[in-house]
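Structure assessment
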Amino acid sequence: MGTEALLYQALAEGKARCGVCRRRCIIGDGERGYCQTRINQGGKLYSLIYGEVASVSINPIEKKPVFHFLPGSRWLSLGTLGCNFRCPGCQNWELSHAEVGRGGTSFLSAEQLVQLAKQHHCLGISWTFNEPTIWFEYTLDGAKLAKEQGLYTNYVTNGYITPEALDSIGPYLDVFRVDVKGFSHEAYHKLADIGDFTGILESTKRAKEKWGMHVEVVTNVTPGYNDDEEQLRGTASWIRQELGEWTPWHVTRFYPHLKLRHLEPTPVAVLERAVRMAHQEGLHYAYLGNILGHPMENTYCHQCGSLLIQRYGFDVRQYNIEGTNCRYCKARIPGTFAQRAQTMIKS
Ligand code: SF4
């Protein structure tokens, strides 16, 4: 039957309202929620995917992408099946659109997860590949244990988490790597099958302000969907105003997948324009992603303009931050850089 869910409310006639993501599905007896991972059995809600891991690997944190939190460090990355969004161009559709409960997963307890991360000398655990809130109960147990064992924790998320779920896991999460897919209800409707995207912005702000998480934002720029001025400038401007000028923003290249196979990859010029727009809006650390070796994937000091981190794919090739400061002009670089010398995979 699964593990009884957290954060649900029993309703009349045996129904239950899930409180984990902002869809807040009302689920009848014997039925599942939108994500297919939560089932109502006799008026109680159960998770069908507690500890059911569909993919696990060890990656540098650059792969998430996260650029200002322990660059070059090893993280255990894992995901399950299902998702609370239905993105037509999802690059992980084989996991996120898979049928839940028909195999394709292996059980890994929260204790085993933390042991595995330590065995492989990882600095942290990333819940990634599909939306971590759908296996909220497992991520909560895993994050608590990870913190007890001195590991860092990262949600790679679409940000559609409810305030109550975020407040439950907030004390145990260090990094909130959130997608802001666009800046209009229309764009979000087309890209994620949700109506009101403003809750994503609220949760992101809450992660930073209430829980002090390190936040980095990603926008995968999809031709014809979110590559216009309103979406890109709107997102950059919102980040600047609500998360602050030091927040990293990654604009990444879309590659055709699933129902958007007919589209071309995002033109490089569109991504470069988005990075320039971010600078015009006052963001100091805007990055272009998914294009191997592009100079806009590097980190340059906001004060003196020197090359601080040179990247090639997920590798860090040059590193010119000493402690937390620019090696050249000594400006403090925003983010978490301490301990990096012990954490590098490569340099
Ligand atoms: S986590 Fe799943 S069941 Fe719960 S509200 Fe979101 S989509 Fe619905």
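Nothing here was measured: the structure is a model prediction, and the numbers come from that model.

1. As for the overall build of the protein
The secondary structure content of the protein amounts to 9 helices and 21 strands. Relative to the 2.2 N^0.38 estimate, which gives 20 Å for 347 residues, the radius of gyration of the protein is 20 Å and therefore close to what a compact globule would have. Counting only C-alpha atoms, the protein reaches 65 × 45 × 35 Å along its principal axes. A total of 347 residues make up the protein; the buried ones form 55% of that total. Excluding contacts between residues fewer than 6 apart, the proportion of contacts in the protein whose partners are at least 24 apart in sequence is 64%. Total accessible area on the protein stands at roughly 14100 Å², and carbon and sulfur atoms take up 48% of it. Between the mean site of the 37 positive side-chain charges and the mean site of the 35 negative ones, the protein shows a separation of 4 Å.

2. Looking at the sheet that holds strand S6 (residues 44-47)
Strand order in the open sheet formed by 3 strands is S1-S6-S5, and the pairing between neighbours is antiparallel. Because the sheet does not close on itself, it has two edges, and the strands there are strand S1 (3-4) and strand S5 (38-41).

3. Concerning the domain arrangement of the protein
When the parts of a complex come together, some accessible area is lost, and that lost area is often taken as the interface size. Domain boundaries in the protein define domain 1 (3-47), domain 2 (52-292) and domain 3 (298-347). Averaged C-alpha coordinates put domain 2 and domain 3 at centres separated by 22 Å. At the interface, 20 residues of domain 2 touch 23 residues of domain 3. At the boundary of domain 2 with domain 3, total buried surface from both sides reaches about 1800 Å², with 67% on carbon and sulfur atoms. The largest contributions to the domain 2 side of the interface with domain 3 come from Pro71, Tyr285 and Leu292, which together make up 29% of the buried area.

4. Things to note about the site of the ligand
In the vicinity of the ligand, the residues found are Cys18, Cys21, Arg23, Arg24, Cys25, Ile27, Gly33, Tyr34, Cys35, Arg38 and Asn84. Of the residues that constitute the shell around the ligand, the class distribution is 6 nonpolar, 2 polar and 3 charged.

5. Focus: the side chain of Arg253
Position of Arg253 among the secondary structure elements: in strand S15 (residues 249-253). Salt bridges are absent for the buried Arg253, whose nearest opposite-charge side chain, Glu264, sits at 7.6 Å. Here Tyr255 takes part through its side chain, which lies 3.5 Å from a polar atom of the side chain of Arg253. Once you skip the residues sitting within four places of it in the chain, Arg253 turns out to touch Asn220, Pro265, Thr266, Val268, Leu271, Gly289, Asn290 and Ile291.

6. Structural notes on helix H3 (residues 136-148)
For H3, with 13 residues, the first-to-last C-alpha span of 18 Å sits near the 18 Å given by 1.5 Å per residue. Looking at H3, one finds that the buried residues are Phe136, Glu137, Tyr138, Thr139, Leu140, Gly142, Ala143 and Ala146.

7. As for unusual backbone geometry
Here the amide bond leading from Lys64 into Pro65 is cis, since omega sits at -10°, within 30 degrees of zero. Topologically, Pro65 is positioned in the loop between strand S8 (55-60) and strand S9 (74-79). Positive phi is not limited to glycine here, since Asp193 has a value of about 60°. Secondary-structure assignment places Asp193 in the loop between helix H5 (185-192) and helix H6 (198-209). One non-glycine residue, Leu258, adopts positive backbone phi at about 55°. Take Leu258: it is sitting in the loop between S15 and helix H8 (268-280).

8. Some remarks on the pairing of strand S12 (residues 152-157)
Regular strands have side chains that alternate between both faces of the sheet. Counting buried positions over the 6 residues of S12 gives 6, a clear majority of the element. Side chains of S12 alternate between two faces, with Tyr152, Asn154 and Val156 and Thr153, Tyr155 and Thr157 buried alike. Strand direction decides the pairing type here: strand S11 (residues 124-127) and S12, joined by 4 bridges, are parallel. Directly across from Gly124, in S12, lies its bridge partner Tyr152. Pairing of S12 with strand S13 (residues 175-179) involves 4 bridges; the strand directions are parallel.

9. Digging into the state of the cysteines
Taken as a whole and assessed by the stated rule, the structure comprises 0 disulfides. There is no disulfide at Cys87, and the cysteine sulfur nearest it, in Cys90, is 5.9 Å away.

10. A short note on the sheet that holds strand S3 (residues 16-18)
As summarised here, the arrangement of the 3 strands in space is S2-S3-S4, forming an open sheet in which the pairing is antiparallel. Across the chains shown, the open sheet's two edge strands, defined by having one partner strand only, are strand S2 (8-10) and strand S4 (26-27). Taken together, the 2 bridges between S3 and S4 define a ladder with antiparallel strand orientation. By the bridge assignment, Arg17 is partnered in S4 with Ile26.

11. Section: the packing of aromatic side chains
For the coordinates displayed, the defined rule picks out 10 aromatic pairs. Aromatic pair Phe183 and Phe197: ring centres 5.5 Å apart, planes at 70°, arrangement edge-to-face. Within this pair, whereas Phe183 is found in the loop between S13 and H5, its partner Phe197 is found in the loop between H5 and H6, the two being separated by 14 residues in sequence. Exposure remark for Phe183: the relative accessible area of 22% places this residue in the partly exposed category. Aromatic pair Tyr188 and Phe197: ring centres 5.3 Å apart, planes at 10°, arrangement stacked. For Phe197, a relative accessible area of 5% gives the class buried. The ring of Tyr225 has Lys190 lying over it, and the distance from NZ or CZ to the ring centre is 5.2 Å.

Basis of the calculations
- Residues numbered from 1 in each chain as written.
- Predicted model: local features only at pLDDT ≥ 70, side-chain atom pairs only at ≥ 80, totals over all residues.
- Heavy atoms only, no water.
- Helix = DSSP H or I, 4+ residues; strand = E, 2+ residues; numbered from the N terminus.
- Rg over C-alpha atoms; globule rule 2.2 N^0.38 Å.
- Buried < 20%, exposed > 50% of the residue type's maximum accessible area, 1.4 Å probe, protein only.
- Contact = heavy atoms within 4.5 Å.
- Areas by Shrake-Rupley, 256 points an atom, 1.4 Å probe, with all protein chains shown as cover.
- Lys, Arg positive; Asp, Glu negative; His and termini not counted.
- Charge placed at Lys NZ, Arg CZ, Asp CG, Glu CD.
- Pairing = 2+ DSSP bridges.
- Domains from an automatic or database assignment.
- Buried area = accessible area lost by both parts, 1.4 Å probe.
- Near = heavy atom within 4 Å.
- Nonpolar A, V, L, I, M, F, W, Y, C, P; charged D, E, K, R; others polar.
- Salt bridge = Lys/Arg side-chain N within 4 Å of Asp/Glu carboxyl O.
- Polar contact = N/O pair within 3.5 Å; in protein donor to acceptor, adjacent residues only side chain to side chain.
- Expected span 1.5 Å × (residues − 1).
- Disulfide = S-S within 2.5 Å.
- Phe/Tyr/Trp six-rings, centres within 6.5 Å; stacked < 30°, edge-to-face > 60°.
- Lys NZ or Arg CZ within 6 Å of the ring centre and 35° of its normal.

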